[in-house]
Amino acid sequence: MIFSRLFTPAYKSPEAAKRKEAIKALHTEKPEEKSVLHELAFNDADPDVSLTALEKLDSFALWQKMSQIAAVDKIKRVAIQRVEHALCGNDQTLLTDTERKAYLLESAGSDLIIRAVEARADLLADMAFTVSLCERMAKPSFTQRLLLNAGDPELTERLVQDTQDTDLLQRLSRKFEDQACLDIVERRLASLREAQEKPLQLEKSLTLILSKLQ
């Protein structure tokens, strides 16, 4: 009994303060000790011990997982903050820009996407990413804000070339200050108006032809 107490690792101590202190001596480079950190992060009864272990592991994937599954409010709140900080920041060690874009396209919620692109507008320089993000959001208000902030004719052309949303186009035509972008929107509106008028013109022509035949 005394022997087992003498050789019980500090991270297994019944005292949360000692377990938390023991984390400082554990190394993520050592598989066995990394496994201990995972156990403390996800299964320790004390939230401060869990958070200290997560800090030591310093992994976006683990913070993201904890933000979804944490049952303790304190842990969940901190995990959500860390996920948001990683997405909205410039630190490439926790998350590269390629990984940021992938997460925004595949997993992030609408509110987080909006905060991330506002904080990291430079990500929108990737045209394919920006178009895919707008398609995923499927919100005219998001597309409008993005286009007005960017003032980029090439991006405007890509995003409005196939849209049928005349309300969005009309709002953009009233708000765009960039003349090149405004011209693109006006051309798209004219194209939609022409497409709407064609059936009426065809109907009138058919009516005229029939009346002549009679």
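Please refer to the structure placed before this passage.
Throughout what follows, the structure given in this document is the object of discussion.

The subject of this paragraph is the overall build of the protein. When helices and strands are counted, the protein shows 13 helices and zero strands. Counting across all 214 residues of the protein, residues that qualify as buried make up 35%. Long-range pairs, those at least 24 residues apart, make up 50% of the contacts in the protein between residues at least 6 apart in sequence. For the protein, the accessible surface area stands at approximately 13,500 Å², while carbon and sulfur atoms represent 52% of it.

Here S50 is to be found in helix α4 (residues 47–57). Side-chain polar atoms of S50 contact the backbone oxygen of L40, separated by 3.3 Å. Apart from residues no more than four positions distant in its own chain, S50 is found in contact with L40, A41, D44 and I75.

Relative orientation of the contacting elements helix α3 (residues 31–43) and α4 amounts to 140 degrees, with a least axis distance of 7 Å. Considered as vectors, α3 and α4 are oriented oblique to each other. Here the hand of the crossing between α3 and α4 comes out left-handed. On α4, the residues touching K34, L37, H38, L40 and A41 of α3 are V49, S50, A53, L54, K56 and L57. Taken together, the residues that form the contact of α3 with α4 break down as seven nonpolar, two polar and two charged.

Before going further, it helps to spend a moment on helix α7 (residues 97–106). All of the buried residues in α7 are R100, K101, Y103 and L104. Considered in projection along α7, the buried side chains sweep an arc of 165 degrees and stay on one side of the axis. Residues of α7 that are exposed and point over 90 degrees away from its buried face: T98 and E106. Considering only its buried residues, α7 is in contact with α5 (60–69), α6 (73–88), α8 (110–119) and α9 (127–137).

Let us now look at the pattern of salt bridges. Summed over all chains, the structure comprises twelve salt bridges. Residue K18 is joined to E15 by a salt bridge in which the shortest nitrogen-to-oxygen separation is 3.7 Å. Owing to a relative accessible area of 46%, K18 belongs among the partly exposed residues under this scheme. Here R100 and D97 are joined by a salt bridge, their closest N and O atoms 3.0 Å apart. In this pair, R100 and D97 are both assigned in helix α7, three residues apart and thus about one turn of the helix distant. In this structure D97 comes out as partly exposed when scored by relative accessible area, which is 22%. Through salt bridges with shared partners, a single network forms among D97, R100, R120 and D122.

Turning to the packing of α3 against α5, a few remarks are in order. At their nearest, the axes of α3 and α5 sit 11 Å apart, and the two run at 25 degrees to each other. It follows from the interaxial angle that α3 and α5 lie roughly parallel. Handedness of the crossing formed by α3 with α5: right-handed. Together, H38, A41 and F42 of α3 and L62, K65, M66 and I69 of α5 make up the contact between the two elements. A breakdown of the residues in the contact of α3 with α5 according to their chemical character gives five nonpolar, one polar and one charged.

Next up on the list: unusual backbone geometry. One non-glycine residue with positive phi stands out, namely D58, at about 50 degrees. Of note, D58 is situated in the loop between α4 and α5. Of note, A138 is a non-glycine position whose phi angle comes to about 50 degrees, a positive value. If you trace the backbone, A138 turns up in the loop between α9 and α10 (140–150).

Turning next to the side chain of T143. When you line up the elements, T143 lands in helix α10. Judged by its relative accessible area of 10%, T143 is buried. Those residues within four positions of T143 in sequence are excluded, and the remaining contacts are C134, L159 and L168.

Rules of the game
Residues numbered from 1 in each chain as written. Predicted model: local features only at pLDDT ≥ 70, side-chain atom pairs only at ≥ 80, totals over all residues. Heavy atoms only, no water. Helix = DSSP H or I, 4+ residues; strand = E, 2+ residues; numbered from the N terminus. Buried < 20%, exposed > 50% of the residue type's maximum accessible area, 1.4 Å probe, protein only. Contact = heavy atoms within 4.5 Å. Areas by Shrake-Rupley, 256 points an atom, 1.4 Å probe, with all protein chains shown as cover. Polar contact = N/O pair within 3.5 Å; in protein donor to acceptor, adjacent residues only side chain to side chain. Axes fitted to C-alpha atoms, helices over the stretch in contact; angles between N-to-C directions. Parallel < 35°, antiparallel > 145°, perpendicular 65-115°, else oblique. Left-handed = near helix turned anticlockwise from the far one by under 90°. Nonpolar A, V, L, I, M, F, W, Y, C, P; charged D, E, K, R; others polar. Arc of directions from axis to C-beta. Salt bridge = Lys/Arg side-chain N within 4 Å of Asp/Glu carboxyl O.

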